[in-house]
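The lines below spell out each chain.
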Amino acid sequence: MKALLNKSFITNSIAILVIILGYCLPVYDNMIKNIGFFALSGAVTNWIAIHMLFEKVPFLYGSGIIPNRFEEFKASIKELMMNQFFTLQNIQLFIEKEEQEVEGVINLEPLLAVVDYDRIFAGLISSIMESSFGEMLQMMGGEAALEPLKEPFTDKMKLTLTEMVESDKFKTALKQGLDAHKIGEDIVDKIETVIDNRLAELTPDMVKEMVQKIIREHLGWLVVWGGLFGGIIGGIFSFV
């Protein structure tokens, strides 16, 4: 959040200074003012779009898409955990080849290594593009505008999953169901119950905060690029 505000403030300040410079210079004043106004427009528009992604704005349809669709995010998290992470095949492989127990702590790193983070990111992008916010995002470059977020999103998601599976509550539930000689569907059911209970505790604000921590800092660059490309368009407009 702080990084977003800093990028917005710096970009908007530069645009305003360019506008003021356009009113002060005796030559090329129209071109400089156009660059400044277009840059300010692009930066402010992108900042509003980012704000609308996380917050509900009165009378603006489609705003607050993250908290409004938190049930879908919860369902996606469960699908990720059960279909990509805690599949019966993965657990069996983990028990047979990778089980390590040192002072009562189970190593879950082999399971984290098989998670398809690209699919998770693609699901997030799809959810945003299919929402009413998608049409607005198309004007800012569509899915390509969110592509730079893939690497930071993946890093943050890995950290989030690591923190989740390293919690004492999670490990206790997992250890109670583990049998070094036999793994059955009842183990998967127990894990699913733990995940369902945890997801039931999530609120729209918690989901919003979780997504904000993952991508909001990096979305601030959309404000910077909005100002830059707006200024370039303003300069071109001056010669048309």
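The model shown is predicted, which means the values in this text are computed figures rather than measured ones.

Cut-offs used in this document
Residues numbered from 1 in each chain as written. Predicted model: local features only at pLDDT ≥ 70, side-chain atom pairs only at ≥ 80, totals over all residues. Heavy atoms only, no water. Helix = DSSP H or I, 4+ residues; strand = E, 2+ residues; numbered from the N terminus. Buried < 20%, exposed > 50% of the residue type's maximum accessible area, 1.4 Å probe, protein only. Contact = heavy atoms within 4.5 Å. Areas by Shrake-Rupley, 256 points an atom, 1.4 Å probe, with all protein chains shown as cover. Phe/Tyr/Trp six-rings, centres within 6.5 Å; stacked < 30°, edge-to-face > 60°. Salt bridge = Lys/Arg side-chain N within 4 Å of Asp/Glu carboxyl O. Axes fitted to C-alpha atoms, helices over the stretch in contact; angles between N-to-C directions. Parallel < 35°, antiparallel > 145°, perpendicular 65-115°, else oblique. Left-handed = near helix turned anticlockwise from the far one by under 90°. Nonpolar A, V, L, I, M, F, W, Y, C, P; charged D, E, K, R; others polar. Expected span 1.5 Å × (residues − 1). Patch = residues over 30% accessible without salt bridge, like charges linked within 9 Å, V, L, I, M, F, W, Y side chains within 5 Å. Core = buried A, V, L, I, M, F, W, Y, C linked by side-chain atoms within 4.5 Å. pLDDT = per-residue confidence, 0-100.

1. Section: the overall build of the protein chain
- Along the backbone of the protein chain there are 13 helices and 2 strands.
- In the protein chain, which comprises 240 residues, the proportion classed as buried is 42%.
- In the protein chain, the share of contacts with a sequence separation of at least 24, taken over all contacts with a separation of at least 6, comes to 74%.
- Carbon and sulfur atoms form 60% of the exposed surface of the protein chain, whose accessible area is close to 14,000 Å².

2. Some details on the side chain of Thr11
- Secondary-structure assignment places Thr11 in helix 1 (residues 2-24).
- According to the relative accessible area criterion, Thr11 is buried, its value standing at 12%.
- Apart from the residues within four sequence positions on either side, Thr11 is in contact with Ala43, Val223, Val224 and Gly227.

3. Observations concerning the packing of aromatic side chains
- In total, this model carries 2 aromatic pairs according to the counting rule given.
- A ring pair is formed by Phe38 and Phe237, whose centres lie 5.5 Å apart and whose planes are at 35°; its orientation type is tilted. Separated by 199 residues along the polypeptide, Phe38 in helix 2 (residues 29-54) and Phe237 in helix 13 (residues 204-239) bring together distant segments of the chain.
- Exposure remark for Phe237: the relative accessible area of 48% places this residue in the partly exposed category.

4. Examining the pattern of salt bridges
- In the structure shown here, the tally under the stated rule is 3 salt bridges.
- Glu192 serves as the salt-bridge partner of Lys78, at 3.1 Å between the closest nitrogen and oxygen. Taken together, the positions of Lys78 in helix 4 (residues 70-85) and Glu192 in helix 12 (residues 185-200) put the pair 114 residues apart, joining distant regions of the chain.
- With relative accessibility at 25%, the residue Lys78 sits in the partly exposed group.

5. Examining the packing of helix 4 against helix 7 (residues 117-129)
- Between helix 4 and helix 7, the least distance of the axes is 11 Å, while the angle of their chain directions is 160°. One way to sum up the angle between helix 4 and helix 7 is to call them roughly antiparallel. Of the two possible hands of crossing, helix 4 and helix 7 adopt the one that is right-handed. On helix 7, the residues that touch Glu72, Phe73, Glu79, Leu80 and Gln84 of helix 4 are Arg119, Ile120, Leu124 and Ser127.
- Grouping the amino acids of the contact of helix 4 with helix 7 by side-chain chemistry returns 4 nonpolar, 2 polar and 3 charged.

6. Details of helix 4
- Over its 16 residues, helix 4 runs 21 Å from end to end, which matches the ideal 22 Å to within 8%, given 1.5 Å per residue.
- For helix 4, the complete set of buried residues consists of Phe70, Phe73, Lys74, Ile77, Leu80, Met81, Met82, Gln84 and Phe85.

7. As for a nonpolar patch on the surface
- Taken together, Trp221, Trp225, Leu228, Phe229, Ile232 and Ile236 make up a surface patch of nonpolar side chains, about 630 Å² in accessible area.
- Take Ile236: it is sitting in helix 13.
- On the accessibility criterion, Ile236 (53% relative accessible area) is exposed.

8. Focus on the environment of Ile48
- With respect to the helices and strands, the residue Ile48 is situated in helix 2.
- On the basis of relative accessibility, which here comes to 36%, the residue Ile48 falls in the partly exposed class.
- For the pair formed by Ile48 and Ser63, sequence separation is 15 residues and the distance between their alpha carbons is 9.8 Å.

9. Regarding the nonpolar core
- Phe85, Phe86, Leu161 and Leu219 are the most contacted members of the largest nonpolar core, which has 45 residues in total.
- Setting aside anything within four residues of it in sequence, one finds Leu161 in contact with Leu80, Met81, Leu112, Val115 and Tyr117.

10. A look at unusual backbone geometry
- For Tyr28, which is not glycine, the phi dihedral falls at a positive 55°.
- In this fold, Tyr28 is placed in the loop between helix 1 and helix 2.

11. Focus on the confidence of the model for the protein chain
- Of the residues in the protein chain, 80% reach a pLDDT of 70 or more, and the chain-wide mean stands at 75.
- Highest mean pLDDT in the protein chain belongs to helix 2 (85); lowest belongs to strand 1 (residues 101-102) (44).

12. With respect to the environment of Lys150
- For Lys150, the location among the structural elements is in helix 10 (residues 150-165).
- Each C-alpha atom, one on Lys150 and one on Ile125, is 9.7 Å from the other, the two residues being 25 residues apart in sequence.
- Setting aside chain neighbours within four positions, we find Lys150 in contact with Asp118 and Phe121.

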